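What follows is the residue order along each chain.
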Amino acid sequence: MAYMLTKTAHLVFVIAWMATVFYLPRILVNIAEAGNEPAVRTRLVLMGRRLYRFGHVMFAIMLVFGLVLWMHFQISGGWLHVKLLLVTLMFVHYIVAGRWLKGVDAGRPLPSGKALRWFNEVPVLLLFVVVYLVLAKPF
(Lines give C-alpha, C1' and ligand atoms only; values in the text may rest on other atoms or scores of the structure.)
Protein backbone atom coordinates (compact mmCIF):
# COMPACT_ATOMS: atom_id res chain seq x y z
CA MET A 1 0.00 0.00 0.00
CA ALA A 2 2.82 2.45 0.82
CA TYR A 3 4.40 1.74 -2.57
CA MET A 4 1.17 2.54 -4.43
CA LEU A 5 0.60 5.74 -2.44
CA THR A 6 4.16 6.88 -3.08
CA LYS A 7 3.92 6.06 -6.77
CA THR A 8 0.55 7.86 -7.01
CA ALA A 9 1.92 10.96 -5.29
CA HIS A 10 4.97 10.94 -7.59
CA LEU A 11 2.73 10.73 -10.64
CA VAL A 12 0.41 13.52 -9.45
CA PHE A 13 3.34 15.88 -8.94
CA VAL A 14 4.86 14.82 -12.28
CA ILE A 15 1.59 15.84 -13.93
CA ALA A 16 1.56 19.17 -12.09
CA TRP A 17 5.18 19.90 -13.09
CA MET A 18 4.58 18.87 -16.69
CA ALA A 19 1.67 21.33 -16.84
CA THR A 20 4.15 24.11 -16.03
CA VAL A 21 6.67 22.73 -18.54
CA PHE A 22 4.01 22.86 -21.27
CA TYR A 23 2.40 26.18 -20.34
CA LEU A 24 5.40 28.38 -19.58
CA PRO A 25 6.60 28.43 -23.22
CA ARG A 26 3.01 29.20 -24.28
CA ILE A 27 3.08 32.26 -22.03
CA LEU A 28 6.35 33.24 -23.71
CA VAL A 29 4.67 32.93 -27.13
CA ASN A 30 1.90 35.25 -25.93
CA ILE A 31 4.46 37.74 -24.59
CA ALA A 32 6.37 37.67 -27.88
CA GLU A 33 3.16 38.31 -29.81
CA ALA A 34 1.77 40.94 -27.42
CA GLY A 35 3.77 43.64 -29.17
CA ASN A 36 3.95 46.93 -27.36
CA GLU A 37 0.89 46.50 -25.19
CA PRO A 38 2.45 47.08 -21.73
CA ALA A 39 -0.62 46.02 -19.72
CA VAL A 40 -0.83 42.69 -21.52
CA ARG A 41 2.91 42.06 -21.28
CA THR A 42 2.92 42.93 -17.57
CA ARG A 43 0.04 40.55 -16.86
CA LEU A 44 1.66 37.72 -18.85
CA VAL A 45 5.03 38.21 -17.16
CA LEU A 46 3.34 38.11 -13.76
CA MET A 47 1.51 34.91 -14.72
CA GLY A 48 4.77 33.43 -15.99
CA ARG A 49 6.68 34.26 -12.82
CA ARG A 50 4.00 32.68 -10.64
CA LEU A 51 3.86 29.59 -12.84
CA TYR A 52 7.65 29.29 -12.82
CA ARG A 53 7.76 29.37 -8.99
CA PHE A 54 4.89 26.87 -8.80
CA GLY A 55 6.79 24.57 -11.18
CA HIS A 56 9.86 24.62 -8.95
CA VAL A 57 7.79 23.50 -5.97
CA MET A 58 6.10 20.74 -7.98
CA PHE A 59 9.48 19.55 -9.29
CA ALA A 60 10.93 19.40 -5.78
CA ILE A 61 8.01 17.37 -4.41
CA MET A 62 8.09 15.09 -7.47
CA LEU A 63 11.80 14.57 -6.92
CA VAL A 64 11.33 13.63 -3.26
CA PHE A 65 8.73 10.98 -4.11
CA GLY A 66 10.91 9.73 -6.96
CA LEU A 67 13.87 9.37 -4.59
CA VAL A 68 11.69 7.43 -2.17
CA LEU A 69 10.66 5.07 -4.99
CA TRP A 70 14.29 4.61 -5.98
CA MET A 71 15.93 4.31 -2.57
CA HIS A 72 13.22 2.79 -0.37
CA PHE A 73 11.33 0.62 -2.86
CA GLN A 74 14.45 -0.26 -4.90
CA ILE A 75 13.11 0.82 -8.30
CA SER A 76 16.01 0.40 -10.71
CA GLY A 77 17.04 -0.71 -14.18
CA GLY A 78 18.67 0.60 -17.31
CA TRP A 79 15.40 2.22 -18.37
CA LEU A 80 15.54 4.37 -15.22
CA HIS A 81 18.90 5.86 -16.23
CA VAL A 82 17.52 6.89 -19.62
CA LYS A 83 14.35 8.23 -17.99
CA LEU A 84 16.38 10.35 -15.57
CA LEU A 85 18.47 11.70 -18.44
CA LEU A 86 15.32 12.72 -20.32
CA VAL A 87 13.80 14.30 -17.20
CA THR A 88 17.06 16.24 -16.75
CA LEU A 89 16.73 17.49 -20.34
CA MET A 90 13.15 18.57 -19.61
CA PHE A 91 14.33 20.38 -16.50
CA VAL A 92 17.00 22.20 -18.55
CA HIS A 93 14.27 23.14 -21.05
CA TYR A 94 12.18 24.48 -18.16
CA ILE A 95 15.11 26.52 -16.79
CA VAL A 96 15.80 28.00 -20.26
CA ALA A 97 12.15 29.08 -20.47
CA GLY A 98 12.45 30.64 -17.01
CA ARG A 99 15.59 32.54 -18.02
CA TRP A 100 13.84 33.89 -21.10
CA LEU A 101 10.97 35.01 -18.87
CA LYS A 102 13.41 36.77 -16.53
CA GLY A 103 15.06 38.34 -19.59
CA VAL A 104 11.75 39.92 -20.57
CA ASP A 105 11.78 41.77 -17.23
CA ALA A 106 15.31 42.96 -18.01
CA GLY A 107 14.24 44.22 -21.44
CA ARG A 108 15.87 41.47 -23.51
CA PRO A 109 14.01 40.28 -26.59
CA LEU A 110 12.47 36.84 -26.90
CA PRO A 111 12.89 34.47 -29.83
CA SER A 112 10.10 34.67 -32.42
CA GLY A 113 6.66 33.26 -31.67
CA LYS A 114 7.28 30.52 -34.24
CA ALA A 115 10.59 29.52 -32.61
CA LEU A 116 8.90 29.48 -29.20
CA ARG A 117 6.15 27.23 -30.56
CA TRP A 118 8.79 24.74 -31.73
CA PHE A 119 10.52 25.08 -28.37
CA ASN A 120 7.21 24.15 -26.73
CA GLU A 121 7.06 20.84 -28.62
CA VAL A 122 10.37 19.45 -27.30
CA PRO A 123 9.03 18.27 -23.91
CA VAL A 124 6.09 16.51 -25.61
CA LEU A 125 8.52 14.27 -27.48
CA LEU A 126 10.63 13.68 -24.38
CA LEU A 127 7.55 12.87 -22.31
CA PHE A 128 6.41 10.33 -24.88
CA VAL A 129 9.69 8.43 -24.52
CA VAL A 130 9.64 8.72 -20.71
CA VAL A 131 6.13 7.27 -20.50
CA TYR A 132 7.13 4.43 -22.82
CA LEU A 133 10.19 3.66 -20.70
CA VAL A 134 8.21 3.64 -17.47
CA LEU A 135 5.46 1.41 -18.84
CA ALA A 136 7.53 -1.00 -20.95
CA LYS A 137 10.77 -1.07 -18.94
CA PRO A 138 12.49 -2.35 -22.10
CA PHE A 139 15.91 -2.86 -20.50
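Reference entry: report on the structure contained in this document. (Residues numbered from 1 in each chain as written. Predicted model: local features only at pLDDT ≥ 70, side-chain atom pairs only at ≥ 80, totals over all residues. Heavy atoms only, no water.)

Description of a nonpolar patch on the surface
A cluster of nonpolar residues, Leu63, Leu67, Trp70 and Met71, forms a patch on the protein surface that exposes about 410 Å² of accessible area. Positionally, leucine 63 belongs in helix H2 (residues 38–71). (Patch = residues over 30% accessible without salt bridge, like charges linked within 9 Å, V, L, I, M, F, W, Y side chains within 5 Å. Areas by Shrake-Rupley, 256 points an atom, 1.4 Å probe, with all protein chains shown as cover. Salt bridge = Lys/Arg side-chain N within 4 Å of Asp/Glu carboxyl O. Helix = DSSP H or I, 4+ residues; strand = E, 2+ residues; numbered from the N terminus.)

Here we look at the environment of glutamine 74
Mapping glutamine 74 onto the fold places it in the loop between H2 and helix H3 (78–105). Residue classification places glutamine 74 among the exposed residues on the basis of a relative accessible area of 59%. Considered as a pair, glutamine 74 and isoleucine 95 are 21 residues apart in the sequence and their alpha carbons are 29 Å apart. (Buried < 20%, exposed > 50% of the residue type's maximum accessible area, 1.4 Å probe, protein only.)

Section: unusual backbone geometry
We note that glutamine 74 has phi near 60°; this positive angle belongs to a residue other than glycine. The phi angle at lysine 137 is positive, at roughly 45°, despite the residue not being glycine. Along the chain, lysine 137 falls in the segment after helix H4 (113–136). A residue is classified by how much of its surface remains accessible, and lysine 137, at 40% relative accessible area, is partly exposed.

What about the pattern of salt bridges?
Scanning the model with the defined rule gives two salt bridges in all. Across the pair arginine 117 and glutamate 33 runs a salt bridge whose closest N-O atoms are separated by 2.9 Å. With a gap of 84 residues between them, arginine 117 in helix H4 and glutamate 33 in helix H1 (residues 2–33) connect regions that are remote in the sequence. Under the relative-accessibility criterion, arginine 117 is labelled partly exposed at 35%. Measuring nitrogen to oxygen at the nearest pair gives 2.7 Å for the salt bridge that ties aspartate 105 to arginine 49. With aspartate 105 in helix H3 and arginine 49 in helix H2, the pair connects residues that are 56 residues apart, well separated along the chain. Relative accessible area serves as the criterion here: at 47%, aspartate 105 is assigned to the partly exposed category. On the basis of relative accessibility, which here comes to 33%, the residue arginine 49 falls in the partly exposed class.

Details of the nonpolar core
Grouped together as the largest cluster of nonpolar side chains are 32 residues, with contacts concentrated most on Trp17, Leu24, Leu28, Ile31 and Met90. When contributions to this core are tallied by element, the ones reaching two or more residues are H1, H2, H3 and H4. Ranked by residues supplied to this core, first place goes to H1 with 10 residues. (Core = buried A, V, L, I, M, F, W, Y, C linked by side-chain atoms within 4.5 Å.)

Thoughts on the packing of aromatic side chains
Inspection of every chain in the model, using the stated rule, returns nine aromatic pairs. Judged by centre distance (6.2 Å) and plane angle (35°), the rings of phenylalanine 91 and tyrosine 94 are tilted. Of this pair, phenylalanine 91 and tyrosine 94 both sit in helix H3, separated by three residues, roughly a single helical turn. One aromatic cluster is present, built from ring pairs that chain together Trp17, Tyr52, Phe59, Phe91 and Tyr94. (Phe/Tyr/Trp six-rings, centres within 6.5 Å; stacked < 30°, edge-to-face > 60°.)

By themselves, these are just geometric observations and shouldn't be taken as functional.
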